[in-house]
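Fold and contact review
So you can see what is in the structure, the chains are spelled out below.
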Amino acid sequence: MRGPHGTRGSHGDKGPHGTTDPGRGPGLPGRPAAPGPRTDRGRLLLVLLLAAAVTVFTATVPLLRGFFDLRVYYGAVHTWAHHGGRIYDYRVPGTSYGFTYPPFAAVAMLPLAPLGRTTAIVVSLLVNLAALAAILRILAGPDWRRHGWYRWALCLCVLALFEPLRDTVSFGQVNLVLLGLVLGDCLLLSTGRGRWAGAGIGLAAAVKLTPALFIGLLLLAGRRRAAGTASAVAAAATALAAWADPAASRFYWTEALWDTGRVGRLDYVSNQSLQGILARLGETGRPLWATAVLLTLCVWAWRGRRAVEAGDWTAAFALTGAAACLVSPITWVHHLVWLLPSFAVLLRAGRLRTAAALYAVLCTSVVWLWVDDASGLDGFLGGNTYTWISLGLLLRLPTGQTRVARLPLARSARATAPAPSPESPATTAVPDQPESSSGAGAPAAATGAADASVREGGRSPSREPTGSTCPSAAKPQSSSARASSYTVNPPSA
């Protein structure tokens, strides 16, 4: 069967005995696209061993966050719904940390109110898993089924080591849900079904302010209808929250929003934003930070517009995610799940070594080596490693790969055209204009969607490296005390 670019094996290449091998992609004939055993039994055993190793790692390293942020959500909503308390007055017992999101986030989390603590944790895990599945499905593109269970299993094992993803799940955070909402709009735009595009971005921006930068991307792309939809949805959600609790809305938009101290220390090593770098250097003035933000946004606008003009919506959204991490005043390590689309773009472009190297660093928790002292040259370089990765992706992420991938198809059509006969003189063929992307990039362990890059000399993705451990804190993104206070329980239902 012919694949989408004229290659054989869109549903797996033929194995040595003529059977379909689900571990092979649509790349070069006879070249395995996935590492490990050839038989299904051997692959199942390898996946089980890797899953066990990853489970032991994530259960024993001192990085488990005790669902701290979920405790904040649960306690604030529980107090608001059952005891008439004010959302922004709640503090996790034994700490000074409380609810910091816009009021609509509390409205959206009201389903937590009737649940017990254990049930709330289970629900959080299930929601995050569902959001991750949706994200991978979108990034894999329309041919996601051809990657097979083996590649997807390897992909999940690799993702489990990704520190931002580990922290998001362990904190009980909402980052994956927001990323899924935003990428849903990316899918609608890239497939030409943009009638409702923008609604996901609007909801995400009403829960947290950072995704609002994607409305700027829609404006850059000239998608005024989608930008209007996003703005209207965000405004409607904010108005709903103001109707539900006027006092909370007034307090947030006039006071809490401008008080970054409510979220945590700007100079804490987990803050991997431009503001975090400046704070660790002792530069707390707003003019310097505003200048850095302005320059970053200019680069983002230039590169994002070029990606959109090339029809590469996945790269445009990936660039916006990286820019949002840089310009936000506070970007905790778990916020860096917004970089996941960038790795899909790198794999799609055949940049396997670059993707593997950057991914490995983001698994190592290396920035925590400077948790107590980020001074000196080593602290400047090492303590801000994740920020440098975000900046590098913004500057160098390949764009327009979808259009490049379609060019060999036009060349192939010309190359295979029948030779002219004397009765039928030759005519000059004009290749078709390439169309916009019809999907997104491949996930971190899925190689099938990188068929164009394989033809151009790229290599099929392989195993990703693992990570290491680091110390944690009472509120890991904002305190240098240890995690003993995690044992303090929030109010029960």
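What comes next is a walk through the structure.

What counts as what
Residues numbered from 1 in each chain as written. Predicted model: local features only at pLDDT ≥ 70, side-chain atom pairs only at ≥ 80, totals over all residues. Heavy atoms only, no water. Helix = DSSP H or I, 4+ residues; strand = E, 2+ residues; numbered from the N terminus. Buried < 20%, exposed > 50% of the residue type's maximum accessible area, 1.4 Å probe, protein only. Contact = heavy atoms within 4.5 Å. Areas by Shrake-Rupley, 256 points an atom, 1.4 Å probe, with all protein chains shown as cover. Core = buried A, V, L, I, M, F, W, Y, C linked by side-chain atoms within 4.5 Å. Patch = residues over 30% accessible without salt bridge, like charges linked within 9 Å, V, L, I, M, F, W, Y side chains within 5 Å. Salt bridge = Lys/Arg side-chain N within 4 Å of Asp/Glu carboxyl O. Phe/Tyr/Trp six-rings, centres within 6.5 Å; stacked < 30°, edge-to-face > 60°. Expected span 1.5 Å × (residues − 1). Axes fitted to C-alpha atoms, helices over the stretch in contact; angles between N-to-C directions. Parallel < 35°, antiparallel > 145°, perpendicular 65-115°, else oblique. Left-handed = near helix turned anticlockwise from the far one by under 90°. Nonpolar A, V, L, I, M, F, W, Y, C, P; charged D, E, K, R; others polar. Polar contact = N/O pair within 3.5 Å; in protein donor to acceptor, adjacent residues only side chain to side chain.

Glancing now at the overall build of the protein. From N to C terminus, the protein includes 20 helices and 2 strands. Residues classed as buried in the protein amount to 52% of the 493 residues present. Across the protein, contacts joining residues at least 24 apart in sequence account for 74% of those joining residues at least 6 apart. Accessible surface, the protein: about 21900 Å² in total, of which carbon and sulfur atoms supply 63%.

With that settled, the discussion passes to the nonpolar core. One finds F99, M109 and F317 to be the most contacted residues of the largest nonpolar core, which totals 111 residues. Here this core gets 11 residues from one element, more than from any other, and that element is helix α14 (residues 313-327).

Here we come to the environment of V361. Take V361: it is sitting in helix α16 (residues 352-361). Apart from residues lying up to four places away in sequence, V361 is in contact with V366, T385, Y386 and I389.

Nonpolar side chains collect at one region of the surface, where V123, V127, V177, L181 and L203 lie side by side and expose about 300 Å² of accessible area between them. Among the secondary structure elements, V127 is positioned in helix α4 (residues 117-140). Here V127 falls in the partly exposed class, since its relative accessible area comes to 40%.

Take the packing of aromatic side chains next. According to the stated counting rule, one finds 16 aromatic pairs in the structure shown. With a centroid separation of 5.4 Å and an interplanar angle of 35°, the aromatic rings of F214 and F317 are classed as tilted. Here the residue F214 occupies a position in helix α9 (residues 213-220), and F317 occupies one in helix α14, the gap between them amounting to 103 residues. Ring geometry for Y252 and W253: centres 4.9 Å apart, planes at 90°, overall edge-to-face.

Attention now goes to the environment of M109. Position of M109 among the secondary structure elements: in the loop between α3 (103-108) and α4. C-alpha separation for the pair M109 and V77, spaced 32 residues apart in sequence, amounts to 7.0 Å.

Phi at S365 takes a positive value of approximately 60°, unusual for a residue other than glycine. Following the sequence through the fold, S365 ends up in the loop between α16 and α17 (376-382). Of the residues examined, S365 reaches a relative accessible area of 1% and is grouped as buried.

The end-to-end C-alpha separation of helix α7 (residues 175-190) is 22 Å, in line with the 22 Å expected for 16 residues at 1.5 Å each. Buried within α7 we find N175, L176, L178, L179, G180, V182, L183, D185, C186, L189 and S190. Where α7 is buried, its residues meet α4, α6 (163-171), α8 (199-207), α9, α14 and α15 (340-348). Just downstream of α7, G192 is the residue with a positive phi angle, here 75°.

Next up on the list: the pattern of salt bridges. One side chain can pair with another of opposite charge once the charged atoms of both are near each other. Under the defined criterion, the tally for this structure stands at 4 salt bridges. For E309, the salt bridge is made with R305, and the minimal N-O distance between the two is 3.4 Å. Of this pair, E309 and R305 both sit in helix α13 (residues 286-309), separated by 4 residues, roughly a single helical turn. In this structure E309 comes out as exposed when scored by relative accessible area, which is 51%. The salt bridge partner of R348 is D312, with a shortest N-O separation of 2.6 Å. Separated by 36 residues along the polypeptide, R348 in helix α15 and D312 in the loop between α13 and α14 bring together distant segments of the chain. Like D312, R348 is buried.

Between α9 and α13, the least distance of the axes is 10 Å, while the angle of their chain directions is 50°. For the element pair α9 / α13, the angle class is oblique. When you trace α9 past α13, the crossing you get is right-handed. Across the interface between the two elements, L213, G216, L217 and L220 of α9 pack against L297, W300, A301, R305 and V308 of α13. Class assignment for the residues of the contact of α9 with α13 results in 7 nonpolar, 1 polar and 1 charged.

Attention now moves to the side chain of T168. Counting through the fold element by element, T168 comes out in helix α6. The exposure class assigned to T168 is buried, which follows from its relative accessible area of 0%. One polar contact links T168 to N175, side chain to side chain, over a distance of 3.1 Å.

With that settled, consider the packing of α14 against helix α18 (residues 385-396). A pair of packed helices is characterised by two quantities: the angle between their axes and the separation of those axes. Two numbers describe how α14 lies on α18: the axes approach to 9 Å, and their chain directions differ by 140°. One way to sum up the angle between α14 and α18 is to call them oblique. The chirality of how α14 crosses α18 is left-handed. For the pair α14 and α18, contact is made by L319, A322, A323, C325 and L326 and by T387, S390, L391, L393 and L394, respectively. Here the contact of α14 with α18 is built from residues that sort into 8 nonpolar, 2 polar and no charged.

Moving on: the environment of I277. Turning to its location among the elements, I277 is positioned in helix α12 (residues 274-280). The exposure class of I277 is buried, given its relative accessible area of 6%. It is 8.2 Å that separates the C-alpha atoms of I277 and T387, two residues lying 110 residues apart in sequence. For I277, the contacting residues outside a window of four places in its chain are F380, N384, T387 and W388.

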